[in-house]
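# Working through the structure, step by step
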Amino acid sequence: MNEHAWKDVDHYLTHLLVKPDAELKGVLRASEEAGLPPIEVTAAQGKLLMLLVKLSGARRVLEIGTLGGYSSVWMARGLPEGGTLITLEALPKHAEAAKSNIRHTDVAGRIEVRLGPAVESLALMVSEGVKAFDLVFIDADKVNNAKYLEWSMMLTKPGSLIVCDNVVRGGHIIDEDSRDDAVVGTRAFLDELASDPRLEATAIQTVGDKGWDGFAIARVK
Ligand code: SAH
Ligand code: DHB
Ligand code: MG
């Protein structure tokens, strides 16, 4: 099996089970037209995130790394009436595209895009004493992943879920001498995930339309 087969199988499964609708396809098209990099989660991964929101009964979701709002819309669809998703984005161009994309969806009323470096937005939320989040999706600059986990621990409660994207990166994650900031950052994140007694965690490798990668998933005890 090769990467070509992974994509074909992903397309087959997505067409059969995931069925992204016109609204989600519109978000992808508008993101591409706005010149955003095509690095959002796949449709199958987006639906997994939606299912995790539903399964955990999450009412408050925090996303770190918005891009064009594709994963935001998937997760917001899993929220119950009155649920909220706050998504953090550093680049004005991405935040503006996301706001415009989200405005055209049925879940617009549940999503708030906050512009600024995520660590600043996270620190502000902690200082304001916001209500704990039930699910955090970490998917921004990988170099800061360990910091994002630390802030997430201050913004969650027992039973909350923390999900992190891109923890395998084509296998580069096992290179302990890597000088790639993203690999170093994600390895530091995984080390913290492993050693924090407040967390129980696993990581699952994935193949598909975006190649070989993986998710880490942790539950706050
Ligand atoms: N979650 C999105 C993809 C996010 S891509 C999806 O699957 O649809 C990563 C995003 O993180 C990019 O838009 C990038 O601009 C943003 N980002 C990078 N560094 C950041 C930082 N320090 N703070 C907040 N966002 C950041
Ligand atoms: C990149 C970021 C992502 O979140 C992703 O899923 C894939 C690639 C990147 O920065 O290259
Ligand atoms: Mg990602």
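Residues numbered from 1 in each chain as written. Chains lettered and ligands numbered in written order. Predicted model: local features only at pLDDT ≥ 70, side-chain atom pairs only at ≥ 80, totals over all residues. Heavy atoms only, no water.

### Some thoughts on the overall build of the protein chain
A tally of helices and strands in the protein chain yields eight helices and seven strands. Counting only C-alpha atoms, the protein chain reaches 45 × 40 × 30 Å along its principal axes. Evaluated residue by residue, the protein chain yields a buried proportion of 48% over its 221 residues. Relative to all contacts within the protein chain whose residues are 6 or more apart in sequence, the contacts with residues 24 or more apart total 72%. For the protein chain, the exposed area adds up to about 11,000 Å²; of that, 56% sits on carbon and sulfur atoms. Charge centroids of the protein chain, computed over 25 positive and 32 negative side chains, lie 6 Å from each other. (Helix = DSSP H or I, 4+ residues; strand = E, 2+ residues; numbered from the N terminus. Buried < 20%, exposed > 50% of the residue type's maximum accessible area, 1.4 Å probe, protein only. Contact = heavy atoms within 4.5 Å. Areas by Shrake-Rupley, 256 points an atom, 1.4 Å probe, with all protein chains shown as cover. Lys, Arg positive; Asp, Glu negative; His and termini not counted. Charge placed at Lys NZ, Arg CZ, Asp CG, Glu CD.)

### Section: the nonpolar core
Formed by 29 residues in total, the largest nonpolar core has its most connected members in V61, M75, L135 and F137. Contacts of F137, omitting those with residues within four sequence positions, involve V41, L49, L62, E63, I64, S71, M75, V163, D165 and F215. The next biggest cluster of nonpolar side chains, apart from the first, holds 24 residues, and it includes L62, I64, V168 and F189. (Core = buried A, V, L, I, M, F, W, Y, C linked by side-chain atoms within 4.5 Å.)

### Remarks on the coordination of the magnesium ion (ligand 3)
Those donors, D139 (OD), D165 (OD) and N166 (OD1), are the protein atoms that reach the magnesium ion (ligand 3), and they lie 2.0 to 2.2 Å from it. According to the relative accessible area criterion, D165 is buried, its value standing at 3%. (Donors = N, O, S within 2.8 Å, 3.2 Å for Na, K, Ca; no water.)

### Quick notes on a negative patch on the surface
The grouping of D175, E176, D177, D180 and D181 at the surface amounts to a negative patch. You can see D175 is positioned in the loop between β5 (156-164) and α8 (181-195). (Patch = residues over 30% accessible without salt bridge, like charges linked within 9 Å, V, L, I, M, F, W, Y side chains within 5 Å. Salt bridge = Lys/Arg side-chain N within 4 Å of Asp/Glu carboxyl O.)

### Thoughts on the sheet that holds strand β7 (residues 211-220)
If you trace the seven strands from one edge of the open sheet to the other, you get β3-β2-β1-β4-β5-β7-β6, paired in mixed fashion. Only two strands of the sheet have a single partner each, and these edge strands are β3 (111-115) and β6 (199-208). If you compare each strand with its neighbour and ignore which way they point, the axes differ by 15° on average. Here five bridges tie strand β4 (residues 133-138) to β5, and the two strands are oriented parallel to one another. Bridged to I138 within β5 is C164. Where helix α7 (residues 145-154) meets the sheet, it contacts β1 (60-64), β4, β5, β6 and β7, and its direction lies at approximately 155° from that of β5. (Pairing = 2+ DSSP bridges. Axes fitted to C-alpha atoms, helices over the stretch in contact; angles between N-to-C directions.)

### Things to note about the packing of aromatic side chains
One pass over the structure, following the stated rule, counts zero aromatic pairs. Geometry around F133 places R60 over its ring, the cationic atom sitting 4.4 Å from the centre. For R77, the ring lying beneath its charged end belongs to W74, and the centroid distance is 5.9 Å. (Phe/Tyr/Trp six-rings, centres within 6.5 Å; stacked < 30°, edge-to-face > 60°. Lys NZ or Arg CZ within 6 Å of the ring centre and 35° of its normal.)

### Concerning the layout of surface pockets
The computed volume of the largest pocket comes to approximately 490 Å³. For the largest pocket, the lining is made up of 25 residues, of which I39, D139, A140, D141 and K142 are closest to its centre. Of all elements in the fold, only β2 (84-89) and α6 (118-128) reach the threshold of two or more residues within the lining of the largest pocket. When its residues are assigned to classes, the lining of the largest pocket shows twelve nonpolar, six polar and seven charged. (1 Å grid on protein atoms, 1.4 Å probe; cavity = no way out; pocket = protein on both sides within 12 Å on 5 of 7 lines; lining within 4 Å. Points joined across faces, edges and corners; volume = space filled by probe spheres on them. Nonpolar A, V, L, I, M, F, W, Y, C, P; charged D, E, K, R; others polar.)

### A few points about the site of ligand 2
Near ligand 2, the surroundings consist of I39, D139, K142, D165, N166, R169 and K210. The separation between an oxygen atom of ligand 2 and a polar main-chain atom of I39 is 3.2 Å. Within the side chain of K210, a nitrogen or oxygen atom sits 2.5 Å from an oxygen atom of ligand 2. Considering ligand 2 on its own, with 290 Å² of exposed area, one finds that the protein chains cover 69% of that surface. Here ligand 2 occupies the largest pocket. For the shell around ligand 2, a count of residues per class yields one nonpolar, one polar and five charged. (Near = heavy atom within 4 Å. Polar contact = N/O pair within 3.5 Å; in protein donor to acceptor, adjacent residues only side chain to side chain. Sits in = over half its atoms within 2 Å of the grid points.)

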